[in-house]
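Structural overview for review
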Amino acid sequence: MAGIASFMLHQSSSFFSKLLESCTKSKLSLDVQAIHACIFKSRFSCEIFINNRLIDVYGKCGYVGYSCRVFNTMLSKNTFSYNAIISSLTISGSMGECERIFHSMLEPDQCSWNLMVSGFAKLGMFDRSLEYFGKMHRGDFFLNEYSFGSALSACAGLRDSIMGTQIHALLTKSRCGFDVYVGSALIDTYAKCGEVACAKSVFDQMTERNTVSWNSLISCYEQNGPSSEALQVFVRMMDCNVEPDEMTISSVISACASSCASKEGRAIHARVVKFEKLCRDVVISNSLVDMYAKCNMINTARYIFDSMPFRNVVSETSMVSGYAKAANVNTASTLFSNMMERNIVSWNALIAGYTQTAQNEEAVRLFLLLKKESICPTHYTFGNLLNACANLADLKLGRQAHTHVLKHGFRFQLGPESDVFVGNALIDMYMKCGSVEDGCSVFKNMLERDLVSFNAMIVGYAQNGRATEALGLFEKMLKSGLKPDHVTSIGVLCACSHAGLVEVGRHHFNSMSKQYGLSPLKDHYTCMVDILGRAGLLTEAKNLILSMPMPPDSVVWGSLLSACKVHYDIDMANFVADKLFQIDPENSGPYVLLSNMYSEVGRWRDATRLRKLMKKNGVVKQPGCSWIEIGSQMHVFMAKDTSHSQKQDIYSLLKSLSKTMKLLGAGDVDADSQQNLSLFILFQEHS
């Protein structure tokens with residue numbers, strides 16, 4: 001050992017430099033410290049060059065404290081000394097100390113500036129990164145590929161396309177404009193900013209491309225759409241004999257997932273299984289699980305999931321989401337319960353699954369559990385929670401959810417992380433709960449609104465019988481420059497129906513295709529039939545149904561049948577009922593409605609014939625069901641129900657009301673009317 005130490009003490013500084021360089025691979029502090037001890041005893045202990053190397057190696061091995069100790073004990077320093085310590089400190093994230101040392105430098109060079117620009121960018125402090133880039137440019141320092149690369153990374157992080165375009169302009173005047181590294185960074189910046197055309201333009205103008213360049217463009221289409229274009233770029237990449245890497249495969253599989261391109265996804269999967277390196281890659285395996293789950297091939301997704309040698313929270317979340325979307329929420333819940341680690345995406349996936357399968361109470365329960373475990377909800381969490389409250393029509397619960405939204409500081413703004421849809425979900429919830437004023441208040445206080453915001457208000461107004469407000473808001477929407485879609489048209493037609501505005505309804509229905517380029521769907525025809533039916537224009541409504549470009553369903557014919565009852569047109573009712581018997585023979589509604597119409601005009605034989613036909617065909621009338629919440633307790637009633645605890649009081653008052661109604665000429669009270677009267681009685685007793 002003494003001989004080795006003696007040998008090392010008689011070597012040159014370049015020998016120690018090479019030894020230190022080898023330590024950056026092993027990253028073992030003991031090795032660096034052993035060499036440092038030899039240097040300390042040698043004639044090079046005060047040499048600036050070797051001390052600079054020590055600072056650099058300690059920093060790269062993650063021992064920044066030792067780097068600082070060497071730097072602080074140096075008797076004399078040069079620019080490289082300062083750059084070495086700044087580089088070490090950026091690795092540890094100590095940007096405050098970096099700035100202090102940077103400003104103490106007499107003459108910072110290009111490398112010093114680049115370290116500051118890249119250091120801030122790597123730590124997500126993008127504004128500061130661009131601030132130093134601007135100062136570097138104004139100081140007439142040469143901007144190289146590292147300067148541009150870090151600045152573009154900061155622009156991508158900020159989603160700042162304007163600054164990105166300005167840096168692009170600088171690049172065109174620089175000799176770095178043709179650098180493949182900078183070109184790839186520029187594509188990535190435009191992609192992150194949603195500027196797909198600009199990203200493609202940069203890619204097309206590149207004289208040299210590498211795997212990173214192709215990956216950047218594929219990711220651009222995968223993130224922004226159309227995802228099918230990502231597959232086309234991948235095919236071009238293969239034609240150019242460029243070898244794809246893990247990033248390429250993962251992005252292409254994600255593009256297949258977005259477009260539900262299972263055929264292409266399976267083809268790429270076949271390529272993956274040929275290479276053991278790709279098979280073992282957890283990111284690629286996660287992408288495959290996600291792709292098959294989104295393509296409704298949940299068994300294949302589960303097979304890959306079970307075959308993975310290593311799984312993480314992303315793998316498990318993909319399976320939870322897949323089962324939830326496949327309406328297999330029980331399995332999703334079991335997987336979720338067995339997860340060792342969960343993130344907010346996992347929680348959101350299961351909450352969404354409960355909401356989509358109408359298990360709204362479970363969605364609310366899971367949200368409460370999330371809050372109890374101190375998980376911070378996102379805008380997606382609240383979107384699903386508010387949908388659950390809307391489906392339950394529970395205003396009290398909805399207002400509590402609104403309080404949570406306000407506590408988390410959502411401002412309903414558009415942008416890369418847009419939370420406008422949370423405001424839209426709030427409007428929808430309040431409108432479905434019948435609290436129109438609260439819905440209006442949310443709409444007015446939103447910092448920004450999109451088409452869905454207007455749709456939620458217009459449809460909400462229409463559903464709550466506020467036709468004038470719905471049509472007025474529609475006009476405001478048009479003046480704002482927004483173009484209506486199919487949902488807007490449903491809201492407008494529904495408003496016209498409630499208000500009896502036949503001509504306005506006709507005009508809008510006809511303008512859908514002529515003015516807005518929208519082909520009317522079944523729902524629009526149903527709304528128009530309802531408008532005409534309410535106005536007594538039954539023949540016109542019938543002709544409209546017969547002219548539909550798609551086969552009319554039971555809903556549109558049912559709307560006309562209801563209108564026939566209102567206007568006592570039995571001949572038309574017979575025609576419509578025959579259509580309904582063919583389309584939906586097990587539905588009791590047409591039988592009962594037509595039978596009641598016969599009874600009302602004294603056609604007892606026809607009424608009896610229909611009842612017998614109904615019995616012969618095995619059609620059973622389902623009893624009506626209503627419910628009302630009083631004092632936080634839900635009361636449910638079925639037709640001819642005798643199970644309620646207050647049934648004696650209810651039926652006693654019901655008899656009294658029935659007698660009064662008969663005296664007033666209202667006729668017999670049927671089962672459905674009795675059910676509604678029961679609700680009325682119970683409400684009165686608790687008022």
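Preceding this section is the structure that the text describes.
First, a word on scope: everything that follows refers to the structure included in this document. (Residues numbered from 1 in each chain as written. Predicted model: local features only at pLDDT ≥ 70, side-chain atom pairs only at ≥ 80, totals over all residues. Heavy atoms only, no water.)

A separate point is the overall build of the protein. Scanning the protein from terminus to terminus reveals 40 helices and two strands. Residue burial in the protein is summarised as follows: out of 687 residues, 45% are buried. Restricting to contacts in the protein with at least 6 residues of sequence separation, those with at least 24 account for 57%. When the accessible surface of the protein is split by element, carbon and sulfur atoms take 54% of a total near 35,300 Å². (Helix = DSSP H or I, 4+ residues; strand = E, 2+ residues; numbered from the N terminus. Buried < 20%, exposed > 50% of the residue type's maximum accessible area, 1.4 Å probe, protein only. Contact = heavy atoms within 4.5 Å. Areas by Shrake-Rupley, 256 points an atom, 1.4 Å probe, with all protein chains shown as cover.)

Counting 181 residues, the largest nonpolar core has Ile86 and Leu560 as the members making the most contacts within it. When residues no more than four places from it in sequence are discounted, the contact partners of Leu560 are Val529, Leu538, Ala541, Lys542, Ile545 and Val576. (Core = buried A, V, L, I, M, F, W, Y, C linked by side-chain atoms within 4.5 Å.)

Nonpolar side chains collect at one region of the surface, where Trp627, Met634 and Val636 lie side by side and expose about 350 Å² of accessible area between them. With respect to the helices, strands and loops of the structure, Met634 is situated in strand S2 (residues 633-638). Overall, Met634 belongs to the partly exposed group, its relative accessible area being 48%. (Patch = residues over 30% accessible without salt bridge, like charges linked within 9 Å, V, L, I, M, F, W, Y side chains within 5 Å. Salt bridge = Lys/Arg side-chain N within 4 Å of Asp/Glu carboxyl O.)

Turning our attention to the packing of aromatic side chains. In this structure the tally under the stated criterion is 16 aromatic pairs. On the numbers, 5.2 Å between centres and 80° between planes, the contact of Phe443 with Phe454 is edge-to-face. Here the residue Phe443 occupies a position in helix H28 (residues 436-445), and Phe454 occupies one in helix H29 (residues 451-463), the gap between them amounting to 11 residues. Taken as a pair, Phe443 and Phe454 share a single burial class, namely buried. Each ring, one from Phe509 and one from Tyr525, has its centre 5.2 Å from the other, and the planes form 75°; the classification is edge-to-face. A residue pair is termed long-range when its members are at least 10 positions apart, and Phe509 in helix H32 (residues 502-514) and Tyr525 in helix H33 (residues 522-534) qualify at 16 residues. Its guanidinium or amino end placed over the ring of Phe203, Arg209 lies 4.2 Å from that ring's centre, counting from NZ or CZ. When the ring centre of Phe575 is taken as origin, the NZ or CZ atom of Lys542, which lies over that ring, is 4.3 Å away. (Phe/Tyr/Trp six-rings, centres within 6.5 Å; stacked < 30°, edge-to-face > 60°. Lys NZ or Arg CZ within 6 Å of the ring centre and 35° of its normal.)

The next subject is the state of the cysteines. For the coordinates displayed, the defined rule picks out zero disulfides. With no disulfide of its own, Cys433 lies 7.5 Å from the sulfur of Cys389, the closest cysteine sulfur. (Disulfide = S-S within 2.5 Å.)

All right, on to the environment of Gly517 then. Secondary-structure assignment places Gly517 in the loop between H32 and H33. Note: C-alpha distance between Gly517 and Pro484 (33 residues apart in sequence) is 9.7 Å.

Turning our attention to the pattern of salt bridges. What the rule picks out here adds up to 20 salt bridges. Measuring nitrogen to oxygen at the nearest pair gives 2.9 Å for the salt bridge that ties Arg365 to Glu362. With Arg365 and Glu362 both in helix H24 (residues 360-372) and three residues apart, this pair spans about one turn of that helix. Assessed through its relative accessible area of 37%, Arg365 is described here as partly exposed. Here Glu362 falls in the partly exposed class, since its relative accessible area comes to 28%. Through salt bridges that share partners, Glu99, Arg128, Glu131 and Lys135 make up one connected network.

The next thing to look at is the packing of helix H16 (residues 246-258) against helix H17 (residues 262-272). H17 packs onto H16 with a crossing angle of 155° between their chain directions and a minimal axis gap of 9 Å. Put simply, H16 runs roughly antiparallel to H17. Crossing geometry of H16 relative to H17 is assigned as left-handed. Here Ile249, Val252, Ile253 and Cys256 of H16 lie close against H17, whose contacting residues are Glu264, Gly265, Ile268, Arg271 and Val272. Looking at the contact of H16 with H17 residue by residue, the class counts come to six nonpolar, one polar and two charged. (Axes fitted to C-alpha atoms, helices over the stretch in contact; angles between N-to-C directions. Parallel < 35°, antiparallel > 145°, perpendicular 65-115°, else oblique. Left-handed = near helix turned anticlockwise from the far one by under 90°. Nonpolar A, V, L, I, M, F, W, Y, C, P; charged D, E, K, R; others polar.)

Take helix H25 (residues 379-392) next. A rise of 1.5 Å per residue sets the reference length of H25, with its 14 residues, at 20 Å; its end C-alpha atoms lie 20 Å apart and thus fit the reference within 8%. For H25, the buried fraction is high: 10 of the 14 residues fall into the buried class. Taken together, the buried positions of H25 are His379, Thr381, Phe382, Gly383, Asn384, Leu385, Leu386, Ala388, Cys389 and Ala390. In this structure, the buried residues of H25 make contact with helix H23 (344-356), H24, helix H26 (395-407) and helix H27 (420-432). (Expected span 1.5 Å × (residues − 1).)

The next point concerns the environment of Ser547. Among the structural elements, Ser547 can be located in the loop between helix H34 (538-546) and helix H35 (554-566). Linking Ser547 and Tyr525, residues 22 residues apart in sequence, is a C-alpha distance of 10.0 Å. Within the structure, Ser547 has its side chain in polar contact with the backbone oxygen of Leu544 (distance 2.7 Å). (Polar contact = N/O pair within 3.5 Å; in protein donor to acceptor, adjacent residues only side chain to side chain.)

Right, let's talk about the side chain of Asn215 for a bit. Within the secondary structure, Asn215 is located in helix H14 (residues 211-224). Classification of Asn215 as buried rests on a relative accessible area of 6%. One polar contact links Asn215 to Asp245, side chain to side chain, over a distance of 3.0 Å. Not counting residues within four places of it along the chain, the set of residues in contact with Asn215 comprises Met237, Asp245, Met247 and Thr248.

Between helix H15 (residues 227-239) and H16, whose axes approach to 8 Å, the crossing angle comes to 145°. As for the relative orientation of H15 and H16, their crossing is left-handed in sense. Of H16, the residues touching H15 (which contributes Ser227, Ala230, Leu231, Phe234 and Met237) are Thr248, Ile249, Val252, Ala255, Cys256 and Ser258. In the contact of H15 with H16, the residues fall into eight nonpolar, three polar and no charged.

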